[in-house]
Amino acid sequence: MTDSNNMPGKIHQGRNIKRFREMLGIKQEALAHELGADWSQKKISLLEQKETVEEAILAQVSEILKIPVEAIQNFDEEQAITVISSTFNDNSAVVYNNPVFNPMDNIIKLHEEKIALYERMLKEKDEMMVRLERLLEGK
């Protein structure tokens, strides 16, 4: 099992990275910054054009975006549309042997957690500023 992409030509991992990044509202520059000094917006753009992405980079990107590596490796838009279409056309649910997870639910939850974290950080910063101002006034 050297190739984790068992459906060549169908799943485009770079495009999936772009989709998830855009759904999370993260710019290419921000992702490049998180990946490290040797990354740039242009390098992210090139990464998003690659059909298959190296495992190590997939792991880093999935950690930064807080989504499972499997979501990037396995998300197939055509297959998703087919499943949705068949479900609506015959009013039946489609069952797969693979574990079912909805990456969008995870993404929305993580995004809400990130917003809450930023709000807590801003509140702590404001409290720290008040404390510093009091210390400065006391001197």
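To be clear, the structure that these remarks concern was listed above.
Residues numbered from 1 in each chain as written. Predicted model: local features only at pLDDT ≥ 70, side-chain atom pairs only at ≥ 80, totals over all residues. Heavy atoms only, no water.

Quick notes on the packing of helix H2 (residues 28-35) against helix H4 (residues 55-65)
At a closest axis distance of 10 Å, the pairing of H2 and H4 adopts a crossing angle of 115°. For the element pair H2 and H4, the recorded crossing hand is right-handed. Across the interface between the two elements, Leu31, Glu34 and Leu35 from H2 touch Gln60, Val61 and Ile64 from H4. (Axes fitted to C-alpha atoms, helices over the stretch in contact; angles between N-to-C directions. Helix = DSSP H or I, 4+ residues; strand = E, 2+ residues; numbered from the N terminus. Left-handed = near helix turned anticlockwise from the far one by under 90°. Contact = heavy atoms within 4.5 Å.)

Focus on a nonpolar patch on the surface
On the surface, Met128, Met129, Leu132 and Leu135 cluster together into a nonpolar patch covering about 380 Å² of accessible area. Considering the arrangement of structural elements, one finds Leu135 in helix H7 (residues 103-138). (Patch = residues over 30% accessible without salt bridge, like charges linked within 9 Å, V, L, I, M, F, W, Y side chains within 5 Å. Areas by Shrake-Rupley, 256 points an atom, 1.4 Å probe, with all protein chains shown as cover. Salt bridge = Lys/Arg side-chain N within 4 Å of Asp/Glu carboxyl O.)

A word on the nonpolar core
By size, the foremost hydrophobic cluster in this structure holds 20 residues, and its most contacted members are Ile17, Phe20, Trp39, Leu47, Val61, Leu65 and Ile72. For this core, the secondary-structure elements that each account for two or more residues are helix H1 (13-23), H2, helix H3 (41-47), H4 and helix H5 (69-74). Of the residues forming this core, the biggest block, 4 residues, is contributed by H4. For Ile72, the contacting residues outside a window of four places in its chain are Ile11, Gln13, Asn16, Ile17, Phe20, Leu58, Val61, Ser62 and Ile67. (Core = buried A, V, L, I, M, F, W, Y, C linked by side-chain atoms within 4.5 Å. Buried < 20%, exposed > 50% of the residue type's maximum accessible area, 1.4 Å probe, protein only.)

Thoughts on H2
Buried within H2 we find Gln28, Leu31, Ala32 and Leu35. Take H2 and look down its axis: the buried residues cluster within an arc of 100°, on one side only. Counted as exposed and oriented over 90 degrees from the buried face of H2: His33 and Glu34. On its buried side, H2 packs onto H1, H3 and H4. Phi turns positive, to about 130°, at Gly36, one or two residues after H2. (Arc of directions from axis to C-beta.)

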